[in-house]
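Topology and contacts: notes
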Amino acid sequence: MGEITLRDAVTRGLTEALDTDERVFLMGEDIGSYQGPYAVTKGLLEKYGHERIRDTPISEGVVVGAAVGAAMAGLRPIVEIMTINFLLLAMDMVVNHAAKLRYMSNGQIQVPMVIRTVTGGGAQLGATHSQSLEGWFASVPGLKVAAPSDPYDALGLLRTAIADEDPVIFAEHARLYQVLGDVPDDHYAIPFGQAKVKRAGDDVTLVAYSRGVHTALEAAAILEKKGVEAEVVDLRTLRPLDTATVLTSVEKTSRVIVVDEAWRCGGFGAEISSMIHENAFDSLDGPVGRVAGLDVPAPYNGTLEASALPDAARIVSAIEEIYGI
Amino acid sequence: MPQMGYDMLEGTVVRWLMTEGSEVNIGDALAEIETDKAVVEFEASESGLLRKILVAEGATVPVGHVLAIVGDADEDISAPENGDASPAYAPEPAPAEEPPEEEPAIPLPPPAGAAATEEPAAGGLRASPVARRLADERAIDLRQIQGTGPGGRVTKNDVLNFEPDDAPAVVPEKPAEAPPAPVEAPSEAAGELVPMSRVRQQIARVTAKSKREAPHFYVSAEIDMTRAMDLRKQINTTLESEGVRVSVNDMIIRACAEALKGFPNLNSYYTDNGIQMNDGINIGIAIAGEQGLILPAIMESGTMSLAEIAKASKDLVERATKGTLHPREYTGGTFAVSNLGMFDVTSFIAIIQPPQSAVLAVGTVAPRPIADGDEIKVASMMTATISADHRVTDGAESAQFLVVVKKMLEDPMSLLV
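Everything numeric here is computed off the predicted structure, so don't read it as measured data.

Analysis parameters
- Residues numbered from 1 in each chain as written.
- Chains lettered and ligands numbered in written order.
- Predicted model: local features only at pLDDT ≥ 70, side-chain atom pairs only at ≥ 80, totals over all residues.
- Heavy atoms only, no water.
- 1 Å grid on protein atoms, 1.4 Å probe; cavity = no way out; pocket = protein on both sides within 12 Å on 5 of 7 lines; lining within 4 Å.
- Points joined across faces, edges and corners; volume = space filled by probe spheres on them.
- Helix = DSSP H or I, 4+ residues; strand = E, 2+ residues; numbered from the N terminus.
- Nonpolar A, V, L, I, M, F, W, Y, C, P; charged D, E, K, R; others polar.
- Contact = heavy atoms within 4.5 Å.
- Buried area = accessible area lost by both parts, 1.4 Å probe.
- Salt bridge = Lys/Arg side-chain N within 4 Å of Asp/Glu carboxyl O.
- Polar contact = N/O pair within 3.5 Å; in protein donor to acceptor, adjacent residues only side chain to side chain.
- Pairing = 2+ DSSP bridges.
- Expected span 1.5 Å × (residues − 1).
- Buried < 20%, exposed > 50% of the residue type's maximum accessible area, 1.4 Å probe, protein only.

1. Brief notes about empty space enclosed by the protein
Residue and element names in this part refer to chain A.
- Per the stated rule, a full pass over the model turns up 7 cavities of 30 Å³ or more.
- Lining of the largest cavity is provided by 17 residues; of these, S130, E261, W263, A298 and L309 occupy positions nearest its centre.
- Secondary structure elements with two or more residues in the lining of the largest cavity: strand 13 (256-263) and helix 11 (302-308).
- Element by element, the count of residues in the lining of the largest cavity is highest for strand 13, at 3 residues.
- Here the lining of the largest cavity is composed, by residue class, of 9 nonpolar, 6 polar and 2 charged.
- In terms of lining, the second largest cavity is formed by T119, S132, E134, H173, Y209, S210, R211, G212, V259, D260 and E261.

So, in structure tokens, the structure goes:
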């Protein structure tokens, strides 16, 4: 047991997979010689060589397409797409091929691949590099989407992702790599579709994932001073979605705010909100609140960008406005 | 279910006095209805056949709920009975603050299944889904609860904190810094939890509402009742053969009724739109019944002689005991007198019964030493305290009113004029 960063947790998961399963190999831009744009693959090329740590051209469609083919042929590719924004270039490969092949082949073909990618804004990278698009992929049947918020979950979910027989989008938030957390030495894995109650409370439920969990926890600390006990539910995976944990919490608190860094309009937060209204209407003390990214392309200006993303103050005031507490 | 009293929210059908198919004339008693205060007869407002009884005996339904259908033999009565805009009966108009919404019927034990028509609360009342569910589970009428959520929405906490024995939940307008302390269930060692009678519940609701909304102030006066007591003795001797017996309270009522003519503000009530004057003077008298206090009024006391008041008050007390007061007598009071003189207490202050603006509380009449010029003498003294609603009147006006009452009682021949 020791405290490590989320970055190191992911690296550990990759190393472990490379060590234990010879079918596993990595592909991506700048993951080898450059040691990874976010340094997640640091040292791997030296250790595992060019066969298994493959630097690719800047052509995401080709990279993902090659991985789909490799997975179909029996390998277990782990692709790194530098940011989720670039995954748009591989949309056809992801949505029309990786997600569909098992179904269109009547189960004759499996696509056991992981696409690791970096999501989230708030780092002044401009409108085209600051998006949170994991929710888009979570709406596609045939894909699985994990979005860890801490090192423990990152390693546990990555193990499950690599072992999964279907394509998984593994969204690592750019601003969580330095987050520290205890990770046990003993092997463990976190099954998909199991949310985690990060903080228990009776008064209001904050549903979040990835970096939103930290925003929600900040809000919970503020609320605690006001005498309001928030329960923070970390979804951990968007697809499959653990509706039971969310609904159990909502049935207890009757109040819920969904925190989502993605755009509010059609965002994954809207799906969660709708799911709650459909299943827990008679437990609600008011409409489900959403604190989401503003419906604008991410501003470059740091102050403006920050104001376009959910923060603790917005969560607190949403609770006041919607529930009067 | 007709509205038969201020703040009446629901009523229980005790007994049907007619069966389906009976011929009904206007004014015929159809059923006995138990309200918060008494059992009263429910009279037909239309003639025809009692086509259908919709609420079983023993069932409690909200005001506005259709109890039965009276119509012609061949009339189509398949229209929806409850929730219909034109129900077959004509309830007295409900106060504006209590729109006759349909609420799920609440059967009393033994539950009358026939009455348990489940209807969702109609629009107008804002309550969250969980508040509606909890209120339904606990058989709480949401209209009794003051919502504290955004837009006045009744919230989960409003329902959880609502105690029917504690009047409408009083919750601060602004959320407190700390959440309200959890309502702890009384521990088993605390003793028995006694369910409240309807009358008790009503008293709780009305007095708390009054104290919460009407800023009370109080003015007291000592009244020398020596001459009034003498006059009373004379009158009672004179009228003995007629069976009339005037009480001290009757004299106080007479004095108040006369005095109110000069102080219309004390015979009015506050509304958000203005001060509503009452045309008549109907003085309510506090009667301690077996189950609690009721405050029926002597209608048109302002036009009555002392002897008439004496007869009317005696009749009122008798009918209150039997539970056959007319609903109008419950609701029609415009001023009230509360007298605890029989208990040998000096003075007390009373709570105004909405929608009234004042109540006079009187203690016992007892010999007391008083200063008469430079001399000390013994007189039959009584302390009277008026509680008045500061929204409609001020201390000076109430003091002047009290002085008029005092002068009339101290010069009691004026009571006979």
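Okay, back to it.
2. Quick word on the interface of chain B and chain A
- Taken together, the contacts link 14 residues of chain B with 18 residues of chain A.
- Overall, the association of chain B and chain A removes approximately 1,100 Å² of surface from exposure, summing both partners, and the carbon and sulfur fraction of that is 44%.
- Three residues stand out in chain B for area buried against chain A, namely P129, R153 and K156 of chain B, and they jointly supply 40% of the buried area on that side.
- Counting the contacts that link chain B with chain A gives 0 salt bridges.
- Taken together, the connections running from chain B to chain A amount to 8 residue pairs in polar contact (both at pLDDT 80 or more).
- Put simply, the parts of the chain that give the side of chain B that touches chain A at least two residues each are helix 1 (129-137) and helix 2 (156-161) of chain B.
- If one sorts the elements of the side of chain B that touches chain A by residue count, helix 1 of chain B sits on top with 3 residues.
- Taken together, the residues of the side of chain B that touches chain A sort by class into 7 nonpolar, 3 polar and 4 charged.

3. Some thoughts on the sheet that holds strand 2 (residues 23-24) of chain B
- Spatially, 2-5-7 (chain B) is the arrangement adopted by the 3 strands of the open sheet, whose pairing is antiparallel. Each of the sheet's edge strands pairs with one partner strand only, and the pair in question is strand 2 and strand 7 (68-71) of chain B.

4. Looking at helix 7 (residues 151-163) of chain A
Residues and elements named next belong to chain A.
- The terminal C-alpha atoms of helix 7 lie 18 Å apart, and with 13 residues this matches the ideal 18 Å at 1.5 Å per residue to within 8%.
- Counting buried positions along helix 7 gives 11 out of 13 residues, so the element sits mostly inside the fold.
- Taken residue by residue, helix 7 has P151, D153, A154, L155, G156, L157, L158, R159, T160, A161 and I162 as its buried positions.

5. Observations concerning the side chain of S22 of chain B
Residues and elements named next belong to chain B.
- Checked against the element boundaries, S22 lands in the loop between strand 1 (10-16) and strand 2.
- At 2.5 Å, the side chain of S22 forms a polar contact with the backbone oxygen of T19.
- Filtering out sequence-adjacent residues up to four positions away, S22 remains in contact with G48, L49 and L50.

Worth remembering: the numbers are spatial, not functional.
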